[in-house]
Amino acid sequence: MGSLRKRGKKWYACWTDANGRRRSRAISTKKSDAEAFLAMVQRQEVRGKINGYKPVLFADAAHEYIERVAIIKYKRSTYENYVCTVRIHLSPAFGDTPVGEITTHDVDAYAARRVRDEGAAPGSVNDELAILGVILKKSMEWGYATGIATRGATRPKVKRGEISVMSPSQARRFLAVLPARWRPLYATAIMTGMRAGELAGLLERDIDFEAHQIHIRRTLYKGRFQSPKTEKSVRSIDLPPTLEEMLSRWLVSEERPRTKEQFVFPSQRGRPLNMQTLAETVFQPALAEAGIPRMRLHDLRHTYASLLIANGESLKYIQEMMGHTSIKVTADTYGHLLRETHAAAAKRLDDAIFGGDQGYPDVFSME
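Calculation notes
- Residues numbered from 1 in each chain as written.
- Predicted model: local features only at pLDDT ≥ 70, side-chain atom pairs only at ≥ 80, totals over all residues.
- Heavy atoms only, no water.
- Helix = DSSP H or I, 4+ residues; strand = E, 2+ residues; numbered from the N terminus.
- Buried < 20%, exposed > 50% of the residue type's maximum accessible area, 1.4 Å probe, protein only.
- Contact = heavy atoms within 4.5 Å.
- Areas by Shrake-Rupley, 256 points an atom, 1.4 Å probe, with all protein chains shown as cover.
- Core = buried A, V, L, I, M, F, W, Y, C linked by side-chain atoms within 4.5 Å.
- Pairing = 2+ DSSP bridges.
- Axes fitted to C-alpha atoms, helices over the stretch in contact; angles between N-to-C directions.
- Phe/Tyr/Trp six-rings, centres within 6.5 Å; stacked < 30°, edge-to-face > 60°.
- Arc of directions from axis to C-beta.
- Salt bridge = Lys/Arg side-chain N within 4 Å of Asp/Glu carboxyl O.
- Bend = angle between axes of the 7 residues up to and from the residue.
- Parallel < 35°, antiparallel > 145°, perpendicular 65-115°, else oblique.
- Nonpolar A, V, L, I, M, F, W, Y, C, P; charged D, E, K, R; others polar.

1. Examining the overall build of the chain
Within the chain, the regular secondary structure consists of 14 helices and eight strands. Buried positions account for 42% of the 367 residues belonging to the chain. Counted over contacts in the chain with a minimum sequence separation of 6, partners at least 24 positions apart contribute 57%. About 20,600 Å² of surface is accessible on the chain, with carbon and sulfur atoms providing 52% of the total.

Take a look at the structure:
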């Protein structure tokens, strides 16, 4: 069952949880509060037995998932994101509730409160619900619940923001005003669509001049190598000739610091680049000098995709170069840019059938 114990001024509730572990928690300076808490734990145990699940609190289940599953399943950045999301958002909301008693109504209330009352971005809340769902799914497999409360829950609607991209003339102006030291880095960003971590983690051996490709094999996160974002992110990007020539000169340039790891784009001290710091010290000033509105470094990735679209490349090719998990991601992200090419496509079709002096009859004639 359970017992109460007083230490100093605090009353503690002591009990054995559903996994057979002896638990103790400081409740209050009032014995009645500790008695109420212990009674609640006992009621949860009874409900669990009736409904066929172990009455494990969400906080305990989440901790178990993070330390037994997430730590070996995900790369470091994803693991840290799980830890942070659980600690700051999910445990305060669901921590003292048994996993088996979390309902879809509870999840809907959580999402509404985060967006409406706390002003959280809908996209961020959806990410939190995704993590909650993963934990609940594994908890059900462990016997802590008989269902997954996030299934059927209402996701906040995300309004897709406009994507900032450079035009070809803006890209030329931007590259022209950059210090020569940084021109190869940002030219590579614009002409390959590589992510910041992929640029920072690029090594000499990743550039295949014979195949005219850059091979993405790793990314850099907080100064440490890790696997790329997804399986599809491990990819080979075609090298445009001008960029290939620029990189071949850069690799033997005296301006390029030498590093033991053979980083393509090292810091001045031969260490991995801090792309966030560089964004404020080099990227933004160059944008301002070129007369280009402020944008994110990630928008150079969007610029690459927009240029491929403008050149009429297929969605499949763009997906492969960008490393998207599916062609749907590519279409959803850049669909509005694709629509801008539809008029030109229709005009080309019109020219193919009716254009030129091809001896066609007057199609508007009623005769």
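And the narrative resumes.
2. Concerning the nonpolar core
Met166, Phe174, Leu185, Tyr186, Phe265, Phe283 and Leu300 are the most contacted members of the largest nonpolar core, which totals 50 residues. Considering each element in turn, this core owes the most residues, eight residues, to helix H10 (residues 275-290). In contact with Phe283, not counting residues within four places along its chain, are Phe174, Tyr186, Leu278, Met295, Arg296, Leu297 and Leu300. By size, the runner-up hydrophobic cluster in this structure holds 30 residues, among which are Val56, Ala62, Leu132 and Ala153.

3. Looking at the sheet that holds strand E2 (residues 10-16)
The strand order across the open sheet formed by three strands is E1-E2-E3, and the pairing between neighbours is antiparallel. Strands at the two margins of the open sheet, each flanked by one partner only, are strand E1 (2-7) and strand E3 (22-28). For this sheet the average axis-to-axis angle between neighbouring strands, irrespective of direction, equals 25°. Direction of pairing for E2 relative to E3: antiparallel, over a ladder of six bridges. Of the residues in E3, the one forming a bridge with Trp15 is Arg23.

4. Remarks on unusual backbone geometry
Even without being a glycine, His212 presents a positive backbone phi close to 60°. Tracing the backbone shows His212 in the loop between strand E4 (207-208) and strand E5 (213-216).

5. Brief notes about the pairing of E2
Where burial is concerned, most of E2 is hidden: five out of the seven residues are buried. The pairing of E1 with E2 spans six bridges and is classified as antiparallel. Following the sheet pairing, Gly2 is matched in E2 by Trp15. Counted between consecutive antiparallel strands, the loop separating E1 from E2 contains two residues, among which Gly8 sits at a positive phi close to 65°.

6. What about the packing of aromatic side chains?
Tallied over the entire structure, the rule returns nine aromatic pairs. Aromatic side chains Phe58 and Phe94 sit 6.0 Å apart centroid to centroid with 65° between the ring planes, which places their arrangement in the edge-to-face category. Taken together, the residues Phe58 in helix H2 (residues 58-73) and Phe94 in helix H3 (residues 76-94) connect sequence positions 36 residues apart. What makes Phe94 buried here is its relative accessible area of 4%. Both rings, one in Phe174 and one in Tyr186, keep their centres 5.8 Å apart while their planes meet at 85°; by these two values the pair is edge-to-face.

7. Quick look at the sheet that holds strand E8 (residues 235-238)
On the basis of which strands lie adjacent, the open sheet formed by three strands has the order E4-E5-E8 and antiparallel pairing. Both edges of this open sheet fall to E4 and E8, since each of them pairs with a single strand only. One ladder, built from two bridges, connects E4 with E5; its direction is antiparallel. Looking across to E5, one finds that Ile207 is bridged to Ile214.

8. Some details on helix H9 (residues 241-251)
Every buried residue of H9 is accounted for by Leu243, Glu244, Leu247, Trp250 and Leu251. One side of H9 holds all its buried residues, which, seen down the axis, span an arc of 125°. Looking at H9, the residues exposed on the side facing more than 90 degrees away from the buried face are Pro241, Thr242 and Arg249. Of the surrounding elements, those touching the buried residues of H9 are helix H7 (183-192), E4 and E5.

9. Description of the environment of Lys157
With respect to the helices and strands, the residue Lys157 is situated in the loop between helix H5 (122-141) and helix H6 (168-177). Taking the C-alpha atoms as reference points, Lys157 and Ala121, 36 residues apart in sequence, are found 9.8 Å from one another.

10. Here's the deal with the pattern of salt bridges
In this structure the tally under the stated criterion is 18 salt bridges. Across the salt bridge formed by Arg113 and Glu118, the nearest N and O atoms sit 3.7 Å from each other. On the accessibility criterion, Arg113 (31% relative accessible area) is partly exposed. Residue classification places Glu118 among the partly exposed residues on the basis of a relative accessible area of 45%. Through salt bridges with shared partners, one network takes in Arg113, Arg114, Glu118 and Glu128.

11. What about H10?
Structural remark: α-helix, 3.6 residues per turn; residues separated by three or four positions point the same way. At Phe283, H10 shows its strongest bend, of approximately 30°, with the proline Pro285 following within four residues. Where H10 is concerned, the buried positions are Met275, Leu278, Ala279, Val282, Phe283, Gln284, Ala286, Leu287 and Ala290. Looking at the residues trailing H10, positive phi occurs at Gly291, about 75°.

12. A short note on the packing of H2 against H5
Put simply, H2 and H5 touch, their axes get as near as 10 Å, and they point 90° apart. Classified by the angle between their axes, H2 and H5 sit roughly perpendicular to one another. Contacts between H2 and H5 involve Phe58, Ala61, Ala62, Tyr65 and Val69 from the former and Leu132, Val134, Ile135, Leu136, Lys138 and Ser139 from the latter. Class assignment for the residues of the contact of H2 with H5 results in nine nonpolar, one polar and one charged.

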